[in-house]
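Reading the structure
Here's the letter readout for the chains.
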Amino acid sequence: MGKIYFNVIEKHKKVNVKKIITTLEEYKSYENNPLSDVDLILFIGWSWIIPESFTESNICLGIHPSDLPYYRGGSPLQNQIIDGMIESKISLITLSNKLDAGDIWLKKDFSLVGDSMEKVFENLIQSSIKLLNDFFNIYPNIKPETQDITKGSYFRGRRPEESKISLNDFKSMSLFEIYNFIRCLTDPYPNAYIEDEDGNKLVFKNITYVSSKNN
Amino acid sequence: MVGGYNKKYENNMKIIFLAYRNWSLDVYPFIKKHPKVHMSVLCKSNEELSKLDLEEYDLIITCGWSDELGENITSKIKAIGVHCAELDRYSYGSPLQLQIIDGITRTKHRIFSFTYDESSKRAHTHNRLYSHEVDLDLSGNMTDILNQMTATSIVLFNRYLDDVPNIKWKEWPEESIVRTKRNPLDSCLTKEKFHKMNTEELYNFFRCLEDPYPNGYIEDNKGILYIKHVEFKKKYE
């Protein structure tokens, strides 16, 4: 995914990409020797903690796939989809030592529609490309807004065992709720499954849902 | 000879290959290369078949063909196909799905002979004759099974062509049990049925209805959830 962003960003007339880092090993080599002569460091789909040596010496920006301050923390895509959200936003924020609590520079619409996470990722890429292009069009005439983290919501990351749908849940949930649960846990995430009393598991890999309204 | 061979076979056979499903179309390139096949034509529809002069051909080979050939064709030319079941009860349509749903994991893939008997309810093979057979594994997803059927069909048709015209027909035992052909509405599971099945039964139900078949689904008053692809993880003791 990072390569797609890079291809788009490097073509922007205001952008001169000084360095692209794609591995943790390479990244660690800069931990005690932060990059100089750069205006921004952009982290895309970056899972590792960013040390203060980076955030204090450079403006570090990242994209969070929610309408911040809502759905801060872990598993934002899953938590929104399970809550039945269809339309959301992505937020370009300053990365700081507080998770997803940095200043907000810009937001863009983001659709959570799709039978699989692969499709949701495609939506995310398209929204992120728009977001970054708009950001660089405006930059440096843009000021971030402080995020009010007394509002919104915070979630911890989901654990693999939470991908289990109990038979009781299956009974009580609507099919649309089940659909959302399963689709947000398609690859590359720990897939949704049901487990019977013998300990055997039925793992859901691919599904689709048709509303009666569409029939 | 009506319904049989009317020409010399050695390196001189003219065949019609009937197929339209992806897995069966992949069989054709291997059959047309058989040393006994002098000329071959691929037909993907009844319309294409109807344009051919059957008198000019020695054999029709069908692969994954759902339609009946009918008396008009079987009376004019020898026709064979492949049938993926060992038991007579699965001779009436949807053999893959019915065997998987019934928990069968190992069956036979066989060459059968098309005949026509309007009093018989069996699909295609209104008789119980088969000439060649190989094992067929019904575990895994439909993609795995159909890939395997491509391979076993190639083996079966080649063996048949190797042996022709000295084909020895055998008969599988008759059963009184009839597993009737499925229809798309049979792909529906109510939530109540769903809860009565264990995970292995659910796996078998959904995996045998993966593409290209009408996918298994659960329906409520607001919509339909289609289960397109599942996996089964058995707990090891």
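Keep in mind it's a predicted model, so treat the numbers as computed, not measured.

Let us look at the interface of chain A and chain B. Listed per partner, the contact involves 24 residues of chain A and 23 residues of chain B. Element by element, the count of residues in the side of chain A that touches chain B is highest for strand 8 (residues 201-211) of chain A, at 11 residues. Bridge count between strand 8 of chain A and strand 10 (residues 223-233) of chain B: 10 bridges; the pairing is antiparallel. When the bridges of strand 10 of chain B are listed, Val-210 of chain A appears paired with Ile-224 of chain B.

Attention shifts here to the domain arrangement of chain A. Residues and elements named next belong to chain A. The domain architecture assigned to chain A consists of domain 1 (2-155) and domain 2 (160-214). On a C-alpha basis, the centroid separation for the pair domain 1 and domain 2 is 29 Å. In this complex, domain 1 contributes 8 residues to the contact, which on the side of domain 2 involves 11 residues. Here the side of domain 1 that touches domain 2 is composed, by residue class, of 4 nonpolar, 3 polar and 1 charged.

A sheet is described by the order of its strands in space; here 5 strands give the open sequence 7(A)-8(A)-10(B)-9(B)-8(B), paired in mixed fashion. Pairing within the sheet leaves two strands with one partner each, and these edge strands are strand 7 (193-195) of chain A together with strand 8 (188-189) of chain B. Lying over the sheet, helix 7 (residues 175-183) of chain A contacts strand 8 of chain A together with strand 9 (216-219) and strand 10 of chain B, oriented at roughly 125 degrees with respect to strand 8 of chain A. Lying on the sheet, helix 8 (residues 199-207) of chain B is in contact with strand 7 and strand 8 of chain A together with strand 8, strand 9 and strand 10 of chain B; it crosses strand 10 of chain B at an angle near 115 degrees.

For the rest of this paragraph, the subject is the domain arrangement of chain B. Residue and element names in this part refer to chain B. Segmenting chain B into domains produces domain 1 (13-171) and domain 2 (184-227). Between the C-alpha centres of domain 1 and domain 2 the distance comes to 29 Å. Domain 1 puts 8 residues into the contact, and the matching count from domain 2 is 9 residues. Take the side of domain 1 that touches domain 2: its biggest share by element is 4 residues, from helix 5 (residues 95-101). When its residues are assigned to classes, the side of domain 1 that touches domain 2 shows 4 nonpolar, 3 polar and 1 charged.

What counts as what
- Residues numbered from 1 in each chain as written.
- Chains lettered and ligands numbered in written order.
- Predicted model: local features only at pLDDT ≥ 70, side-chain atom pairs only at ≥ 80, totals over all residues.
- Contact = placed C-beta atoms within 7 Å.
- Helix = DSSP H or I, 4+ residues; strand = E, 2+ residues; numbered from the N terminus.
- Pairing = 2+ DSSP bridges.
- Domains from an automatic or database assignment.
- Nonpolar A, V, L, I, M, F, W, Y, C, P; charged D, E, K, R; others polar.
- Axes fitted to C-alpha atoms, helices over the stretch in contact; angles between N-to-C directions.

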